[in-house]
Amino acid sequence: MTTVVPVEKKVLSENQRIAEELRQGYAKRGTLCLNIISSPGSGKTTLLENTLAGFSKQDKVAVLTGDLQTENDARRLARYGFPVQQIVTGTVCHLDGRMIERALQPWSSTEIHLLFIENVGNLVCPSSYDLGEEAKIVVLSVTEGEDKPLKYPSIFSKAALMILTKIDLLPYVPFSLEQAKANARQVHPGIEIIEVSCLTGEGLDRWQQWLAHRRATAGQRMACAGI
Ligand SMILES: Nc1nc2c(ncn2[C@@H]2O[C@H](COP(=O)(O)OP(=O)(O)OP(=O)(O)O)[C@@H](O)[C@H]2O)c(=O)[nH]1
Ligand SMILES: [Mg+2]
């Protein structure tokens, strides 16, 4: 008897298989992988630029950045001296495991302790594709409206951290930080939240602390597992 599996389900289960391989690969290599997701233009690349600027040249950090077209983001990020690769998806509105696997091949002998993946600007599809990451991070800027966690619950329920960005614009836009946080907590009570402005630098220290804490706990876990 033939079982009919909807194409989407098949694609996602194949992606899940690759994601598990990626996860094992990260664990073996001691790589902490973070998958950053937001609408187009929320400020993912700007946040990463500020983040890379804070690392020392000895830090083993790398970035994969996805877009439908252009190498613009990779060019912006490459200025900080760390390995960066653009993944151009053409018509695909998210990154999937296979794209990450391919992009990592040239770095197979590069030591990477922290891998940032900047997903394609889209609040919907990227949330369905596991990339083997330790955590998803959702970026929401104050120009997008505080209702977005309620309208796009999938990504907010899966993200460990919400970064509320562009808070320097709060005096100019009708946006309630408290309401945005309450909405995010309604769909994901345990979500961590950090408010930042990449323009003024406000809140970036809390983001650096969050990263340092995640790196330390991932490091301890790997040490316990003998990696
Ligand atoms: N005022 C203000 N503008 C910001 C901030 N962060 C980013 N921007 C601006 O927002 C615009 C989009 O920023 P990007 O970092 O390119 O956004 P992105 O999410 O990477 O965009 P895509 O990759 O196209 O999805 C740029 O003009 C940035 O200068 C911020 O904290 N405050
Ligand atoms: Mg970008």
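The structure presented is a predicted model; accordingly, all values stated were derived computationally and were not measured.

Engineer: Hey, could you run me through the site of ligand 1 in this one?
Structural biologist: In the region of ligand 1, 20 residues are neighbours, and K44, T45, T46, D168 and C198 sit closest. Between an oxygen atom of ligand 1 and a main-chain N or O atom of G43, the distance comes to 3.0 Å. Between ligand 1 and C198, the relevant distance is 2.8 Å, taken from an oxygen atom to a main-chain nitrogen or oxygen of the residue. For ligand 1, whose accessible area on its own is 650 Å², the fraction buried by protein is 73%. Contributions of two or more residues to the shell around ligand 1 are made by α2 (44-53) and α3 (72-78). The element that contributes the greatest number of residues to the shell around ligand 1 is α2, accounting for three residues. Its residues placed into classes, the shell around ligand 1 shows four nonpolar, nine polar and seven charged.

Engineer: I keep staring at helix α8 (residues 204-224) and nothing clicks. Help me out?
Structural biologist: Turn by turn, an α-helix covers 3.6 residues, leaving residues three or four places apart pointing in a common direction. Compared with an ideal rise of 1.5 Å per residue, which puts 21 residues at 30 Å, α8 spans 30 Å between its outermost C-alpha atoms and is within 8% of the ideal. Turning to α8, its buried residues number three or more, namely L204, W207, W210, L211, R214, A218 and M222. One side of α8 holds all its buried residues, which, seen down the axis, span an arc of 115°. Across α8 from its buried face, at more than 90 degrees, point the exposed residues Q209, H213, Q220, A223 and C224.

Engineer: What is the right way to look at the side chain of S38 in this model?
Structural biologist: Looking at where S38 falls in the secondary structure, it is placed in strand β1 (residues 32-38). At 3.3 Å, the side chain of S38 and the side chain of S42 are in polar contact. Of note is the side chain of S38, whose polar atom sits 2.9 Å from the side chain of K44. S38 has contacts with K44, V120, G121, N122, L123 and V139, leaving out every residue within four places of it along the chain.

Engineer: Any chance you could explain the packing of helix α1 (residues 7-29) against helix α4 (residues 97-104) here in plain terms?
Structural biologist: The axes of two packed helices give the description: the angle between them and the distance between them. With their axes 8 Å apart at the nearest point, α1 and α4 run at an angle of 35° to one another. By crossing handedness, the relation of α1 to α4 is classed as left-handed. Along its contact with α1, which presents E14, N15, R17, I18, E21, L22 and Y26, the element α4 presents G97, R98, I100, E101 and L104. When its residues are assigned to classes, the contact of α1 with α4 shows five nonpolar, two polar and five charged.

Engineer: Looking at this structure, I do not really get the nonpolar core. What am I missing?
Structural biologist: Within soluble globular proteins, side chains that are nonpolar tend to cluster in buried spots. Among the nonpolar cores identified, the biggest contains 29 residues, and L34, F116 and W207 are the most heavily contacted of them. Those elements that provide at least two residues to this core are β1, α2, β2 (61-67), α3, β4 (114-118), β5 (135-141), β6 (161-165) and α8. Considering every element that reaches this core, the biggest residue donor is α8, with five residues. In this structure, L34 is in contact with L114, L115, F116, I117, A135, I137, W210 and L211, ignoring residues within four places of it in sequence. Counting 18 residues, the second-largest nonpolar core is a separate cluster that includes L22, L115, I117 and L131.

Engineer: Mind showing me how you'd approach the coordination of the magnesium ion (ligand 2) here?
Structural biologist: Metal coordination angles in their ideal form are 109.5 degrees for the four-donor tetrahedron and 90 or 180 degrees for the six-donor octahedron. Here the magnesium ion (ligand 2) is held by the protein donor atoms T45 (OG1), D73 (OD) and E118 (OE), which lie 2.0 to 2.1 Å from it. Owing to a relative accessible area of 5%, T45 belongs among the buried residues under this scheme. Among the residues examined, E118 registers a relative accessible area of 2% and is labelled buried.

Engineer: What is the right way to look at the environment of S157 in this model?
Structural biologist: Within the element layout of this structure, S157 appears in helix α6 (residues 153-158). Each C-alpha atom of the pair S157 and V187 lies 5.7 Å from the other, and the pair is 30 residues apart in sequence.

Engineer: Please clarify how the pairing of strand β7 (residues 192-195) should be interpreted in this entry.
Structural biologist: Pairing of β6 with β7, which is carried by four bridges, proceeds in the parallel orientation. Paired with L164 across the bridge in β7 is E195. Following the backbone out of β6, through helix α7 (residues 177-187) and into the adjacent parallel β7, one traces a crossover that is right-handed.

Analysis parameters
Residues numbered from 1 in each chain as written. Chains lettered and ligands numbered in written order. Predicted model: local features only at pLDDT ≥ 70, side-chain atom pairs only at ≥ 80, totals over all residues. Heavy atoms only, no water. Near = heavy atom within 4 Å. Polar contact = N/O pair within 3.5 Å; in protein donor to acceptor, adjacent residues only side chain to side chain. Areas by Shrake-Rupley, 256 points an atom, 1.4 Å probe, with all protein chains shown as cover. Helix = DSSP H or I, 4+ residues; strand = E, 2+ residues; numbered from the N terminus. Nonpolar A, V, L, I, M, F, W, Y, C, P; charged D, E, K, R; others polar. Expected span 1.5 Å × (residues − 1). Buried < 20%, exposed > 50% of the residue type's maximum accessible area, 1.4 Å probe, protein only. Arc of directions from axis to C-beta. Contact = heavy atoms within 4.5 Å. Axes fitted to C-alpha atoms, helices over the stretch in contact; angles between N-to-C directions. Left-handed = near helix turned anticlockwise from the far one by under 90°. Core = buried A, V, L, I, M, F, W, Y, C linked by side-chain atoms within 4.5 Å. Donors = N, O, S within 2.8 Å, 3.2 Å for Na, K, Ca; no water. Pairing = 2+ DSSP bridges. Right-handed = clockwise from strand over helix to strand, strands pointing away.

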